[in-house]
Structures are given as structure tokens and as C-alpha cells.
Amino acid sequence: MTTRPSSRSREEILLLRPTRGLAALNLRDLWVYRELVYFLTWRDLKVRYKQTALGAAWAVIQPVIQMVIYTLLFGGVAQFSSEGVPYPIFNFAALLPWGLFAKALGDAGRSLVNNRNMITKVYFPRLVIPVSSVLGGLVDFGIAFLVFIAITVYYHFAPSAGFDFVFRPAMLILPLFILLALVTALGVSLWFSAMNVTYRDVGHILPFLTQVWFFITPIVYSSSEVAEKWRMVYALNPMTGVVEGFRWALLGTQATPGPVLLVSTIVALALLVSGLFYFRNMERSFADEI
Amino acid sequence: MNNIVIRVENLGKQYRIGTATNSYRTLRDGIVEGFSRLIHRQGKPVERKSSSNLIWALQDISFEVPRGKVLGIVGRNGAGKSTLLKILSRVTEPTLGQAEIHGRVGSLLEVGTGFHPELTGRENIYLNGAILGMKRSEIERKYAEIVDFSEVEQFIDTPVKRYSSGMYLRLAFAVAAHLEPEILVVDEVLAVGDAEFQRKCMGKMSDVAQAGRTVLFVSHNMSAILRLTEETIVLDKGRLVYSAPTPQAVDYYMAAGFTGAGERLWQPEEVPAEAAPFYPLVLRLRDHRGQVADTIRSTESFSLEIDYDLAQPITGLRVGVYLLTMRGEYVFTSFDTDDPQAFEQYGTRPAGRYRSRCEIPADLLNEGRYVLAVNASSFRIKRYFWDDHALAFSVDGAGAPGKHWPEPRLGPVRPALAWKIIEI
């Protein structure tokens, strides 16, 4: 045996063989490819508004129009309670995390299939794709958040609405709720994107599912409308906890989220972990089945 | 530690094949299977559908590659070359066996993977580099070199959708070629681009090999294989049938594995699905008496015929052959609609069964062994079918001009030229 430069003994030895049983999560691999996550997120953002006349303004227009419609419909016509806050603000505070989640849900069906040519040609941890697609939503979230601030500023100078924004320490916890929204979005995205590779049915279910999910989440109405005995069942939808958390942190309308938030967090984490395992298990056959 | 960088042991890969209509599993299938698996606990998960739908794309492959070696991999279409490369580059998992890889694998399975048409050349360099596993700092360091190699500097801030296909390809190859993995996997990238660019690519490949990195090189171009590789393995129907120093392996490959007796039949399963609606049936070689023959004489004419089915009418179809030497150099190309009149008449060829037949004149080919490749395509629309080693045959030189000197003549053609000698 000859001696070799020490650099060679450090080199990685890779064993390729059929995986049996539950695949290991191997999240370290994802970390190694973190730059790819960045580049794919950047690509999606860059490409999304190419050849549009209004460009990135769409990221502002879409949530604003949504809010206007819901305000007219549910705040105006249906007279839903908004906990003493002007309905547009009440609604927009919920639309912020919902936008993040809905985008993840919408992209989940397509993300892997859209990147088919990469998956069948090059190795990289497949998790990169749903992760970058969810993170891409964070930018829209940021833009929508600026819109939210603009709305509160408007109400500050138009005191006729009887609402002014006050700083509350609870706002500092907001990043945690954003994180919870991301966890939920990623969990759901992992499940559906992996499922869609083998079962294209997912593409047909998703729009419908998004709609149902929208109405079982307290976005256009307040969660206090839900009967007390159903609250815990209601909390099984992790987006309930997220939206309640957002309203609590931003507007202070909600009581401090307690058990509901706990249940939602547990469900969200369960979604993420199970999603990771499911994704990793399906991943082996992606290149063959996509 | 030993000096083997790739060790492949009993590697096997099974695919499920299906027709286009049932290739996607539906949720219902999944649920039904899930339940039946619950009920029959002992049921093995492998047997999902009837075994007739399963094929082995690779079976029992074992070989080793030492550090710094350039290994050639040859085989006909569908022999399993691409599957092997896909497993080694981690795109897909083997069904059986294992492969041990020492070091980073970079693949040039298809250049330009992940290129986005809306992004500029510059942006695509970064994106593509990241997809191929380069670090950002690495890309930045090599950026100038990549741009220089690609020769598209002027257009580097133009979206690549406005590039010509040549520019696109050069840029894509430039990124891939500057990846510096310990093991490089290359599949047919040299088949594209103009001659100058091909020369450049070949140069880059030998640089990589000379730098002591290991290269796996798949190609149908035997002269490229001979030039670049030291050892070659031959795959056939998913099995490794031959492994030897390259010159021997190329001879083996070119000579063997062809159905003998001047005839090549295509079994339905050998025809890729993309060929539809063109279905090749048989290619035959007949000597001047009309007998199907494996050896023809240089001094006699012979004919070749291709039988095929068209399931639907095809517009602009041309069916033809390439004649190649054993070393993979082209001798000529000819199509059945080369004659403008024939092209006019068969502007659209209706569905049905056809035979395209042609006569090859006497005193054309030198003695030796040749290969016929078949191509059916519509110019600039689609290549329906392509078999680059359809049939090999021998040419016997008996009676040919200059035969009274017992020496091999150079060149693939041996025309009988009407020399005149006059005293002046």
C-alpha cells in the first residue's frame, strides 16, 4: 500500500444501492445544496413577472384586490364581525399568511413536474424544489406586508374609522407565526408535490382543496364565530393557529392564543415531519415515474 | 486505500413499462394496492403489476474503474448505457446490486439542464452551475473562462431564448465543462454542434482526462471512443458482454451483436415509443443475384431495402441510410426522397406498409467491413427513428482494381477509374 496525499483520504465515498424501508431524511445534503435553493428561488421570482406589463406590481395588486372583494362581500354585504377593527385590516392580517400558504399549495402540484428535465438529468436533493418554491412565497409575503403597513398608515391619517395602530410587544413574536406558516406550507407542499409525481389526480384536487381550506380558516370571519365545543377540532387546521396568531400579534383582537395554537403547532409539525418522510420515500422513483 | 474510484457490483435496474395511456398511476390504483397489501400482509411490494410490464434495463453489471482512467461505454440504442450513467450520477436508484463512488460525480448527461429561456446568458451560467453542484464562489472564479469558452460574450445579457441553437449549446457546454469533479460522466455531447465546436469539446475532454480525473464516456462515435478512451465496456440488452482495451472492444462491438446474414429485424419492443407512427420492420442487404447476403463483392452491385409500417400519414418523410466504416467514419448518406421528383410525389406518405429500396453500384466500396445506420425523419420536424448500428456487412475485394498487389488499399472507396497512360 502506498501513501497518498492526505486530501484524498478525506474524499467522500458514496454507496449507491437500493434503499429499503424508510429512507433517511439526510437533511445535511439539503444544507450542502443551500445555494441551489437560493438560485431556484431567485429564478422563480425573476421569471414570474417577465413579459408582464405591470411586473412586480402584481404582488401588490393581487392581495389588495382580494381584500377589496372580501371587504365588500363579507364586511359589507354579509356584515361579518371584525372584532372592532376595520374590516379591511382585519381581513388583510389573515390574508398575509394565507397568501404564503395558498401559493405553496398551488405550486406544490406543479413544482416537481415543472422541473422534470432537471430531475431526470442531474442529481441534487429533490427537497430543494419544494423548499425553494415555498421560500419564494416569502418575497410576496414581504411585499404584501408593506401593503399592510400602508393600510395602517392610511387609517392613522383617516381617524374617522376609529382605529389607530398601536405598537404592542406581541408583535415581536410575529416571526414565530411566520415560521409556523412556513412549516405548514412546506409540510403540505411536500405531501402534494411528491404525490403528484405518481398521481396526477393531485393537480385536479388542489384548486378545490384550496377553496375548501380557505373557508375552514378564519380569514373572512373571526374564529370566535366558531362554537366553543368545536374549537379544538377547528384548531386541527394548522392555518387556524397561524391566522389567530397573526391577528393577535398585529391587531390584538384575539385573546392570547393558547390551546388552539398548541394544537395547530403540533399538527403543523406533524405535517412537516410526515411530509419529509413521505417525500424522501417517494423520491427514489421520481426520475423513473415523473 | 486502493485506487479504484468506481466499483460496480451486480448492478441491476428494473423499469415498469406501459403504454402512454396507463403510464400514470392513478390514486385509485394506489388505494386499491394499499388495501390489498394490508390484507395480504405477506405480499411483496415489488410485484406491483403483472411482471410482463417489467423489464430489466440493466442486469448483473460489474466493473471497476481505476483513478484517472477514461472508460468508454458502447452499446446499441436501448442497451442500457444511459440507465447505467443515470445510476452512477445518482439520478435514479438501482433495483439490485450496488455501486461505490469515490469523489464528486459531474455529469454531462444533457447539457443545458435547467436553462431558463427567459433568463440571460449570465443568469443562466449561475443557475446552471448551481444545478450542476458548483458553489457560487466557484462559478464566480470561473465566470470569465466560461464566457470566453462559450464565445457568446456579446450576448451575455440577452435572454437565451433569443440565442441560436449553436450559441445556446456552446454556453451550456461551457458551464458543464468547467465543472471540476473527480469523476466526469459524458453522454453524447459531442454529437452536436459544428465541427469547430466539437473539436473544442474533445480538447476539453482530453484535458480533463490528462488532469488525472476519471471519465466515463458514452458515445456512438467509434473514432471518438478510440481517441479518448483506454478501456471500453460493451453493453447489450442490459448486460455487460465485453470488457477490454478499447481497440479490441471496438472491433468486438462493430463485428458482433448484429443479427447475421445480411438482415436486421426490429422486434416491436426494440422500437422506442417516440418512433410512432413510424415502425421499422426489417433492413436487408441483397447481392446482385437478389440473395440476402452478409458479404458482397466489391466488383458487383448490391441493393438494400428497408421495410416499415406507417400507422399514420407522415409529411416530408425521408427514410434512408448512412454507411459507416468500422471506425465510425461516414462514407455516405442517402435518402429515398433525395430525388426531388420522389420528394414531390411522396410529400405526404399515407399510412400503410412500405419498402424503400435502392441499388448501390459496383466498384464503389473498398474491401473491409461496414455498418449501415438507418434514419427515418422529416427534415427539421422530427427524427422518428434512428438505429446507428442496424447492420454490419463485409465487402470482398476479389477482382477489384489493383488486387494484384497484395496490400490493403487506403480509404473506404475503391472506384474502378479509367486510367489512360499515354506517352507525351
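The rules behind these values
- Residues numbered from 1 in each chain as written.
- Chains lettered and ligands numbered in written order.
- Predicted model: local features only at pLDDT ≥ 70, side-chain atom pairs only at ≥ 80, totals over all residues.
- Helix = DSSP H or I, 4+ residues; strand = E, 2+ residues; numbered from the N terminus.
- Expected span 1.5 Å × (residues − 1).
- Buried ≥ 20, exposed ≤ 12 C-beta atoms within 10 Å, placed from the backbone.
- Core = buried A, V, L, I, M, F, W, Y, C linked by C-beta atoms within 7 Å.
- Domains from an automatic or database assignment.
- Contact = placed C-beta atoms within 7 Å.
- Pairing = 2+ DSSP bridges.
- Axes fitted to C-alpha atoms, helices over the stretch in contact; angles between N-to-C directions.
- Nonpolar A, V, L, I, M, F, W, Y, C, P; charged D, E, K, R; others polar.

A. Quick look at helix α11 (residues 238–251) of chain A. Spanning 14 residues, α11(A) covers 20 Å between terminal C-alpha atoms, matching the ideal 20 Å at 1.5 Å per step. Counting buried positions along α11(A) gives 14 out of 14 residues, so the element sits mostly inside the fold.

B. Fine view of the nonpolar core. Counting residues in hydrophobic clusters, the biggest one holds 177 residues, and the most contacted among them are A93(A), L88(B), F217(B) and L372(B). At 16 residues, helix α5 (residues 87–114) of chain A tops the list of elements feeding residues into this core. Residue-level mapping places this core at the junction of two domains, with at least three residues from each of domain 1 (4–19 + 51–255) and domain 2 (263–396) of chain B. Setting aside its immediate chain neighbours within four residues, L372(B) contacts L283(B), L304(B), V321(B), L323(B), A390(B) and L391(B).

C. Representation of the sheet that holds strand β18 (residues 352–360) of chain B. Residues and elements named next belong to chain B. Read across the sheet, four strands follow the order β10-β11-β13-β18 without closing on themselves; strand pairing throughout is antiparallel. This sheet does not close on itself; its edge strands, each paired only once, are β10 (263–265) and β18. Neighbouring strand axes in the sheet, compared pairwise and without regard to direction, differ in orientation by 15° on average. The sheet contact formed by strand β11 (residues 278–286) and strand β13 (residues 302–310) spans eight bridges and is antiparallel. Residue pairing for β13: L283 is matched across the bridge by I306.

D. Quick look at the interface of chain B and chain A. The interface of chain B with chain A comprises 40 residues on the first partner and 32 residues on the second. For the side of chain B that touches chain A, the secondary-structure elements that each account for two or more residues are α1 (27–39), α2 (81–88), β4 (96–102) and α3 (121–131) of chain B. With seven residues, the single largest contributor to the side of chain B that touches chain A is β4(B). A class-by-class count of the residues in the side of chain B that touches chain A yields 17 nonpolar, 14 polar and nine charged.

E. Summary view of the domain arrangement of chain B. All names here are of chain B. The domain boundaries assigned to chain B delineate domain 1 (4–19 + 51–255) and domain 2 (263–396). The C-alpha centroid of domain 2 is placed 29 Å from the C-alpha centroid of domain 1. The interface of domain 1 with domain 2 comprises 10 residues on the first partner and 11 residues on the second. Secondary structure elements with two or more residues in the side of domain 1 that touches domain 2: α7 (222–228) and α8 (246–255). The greatest single-element share of the side of domain 1 that touches domain 2, amounting to three residues, is contributed by α7. Here the residues of the side of domain 1 that touches domain 2 sort into four nonpolar, five polar and one charged.

F. View of the sheet that holds strand β3 (residues 70–75) of chain B. All names here are of chain B. Taken in spatial order, the six strands make up an open sheet running β5-β6-β7-β3-β8-β9, and their pairing is mixed. Each edge of the open sheet carries a strand with a single partner, namely β5 (105–108) and β9 (239–245). Taken pair by pair, the neighbouring strands of this sheet meet at an average axis angle of 20°, ignoring direction. In this structure, β5 lies alongside strand β6 (residues 183–187), joined through four bridges in parallel fashion. Within β6, the residue paired with G106 across the bridge is L184.

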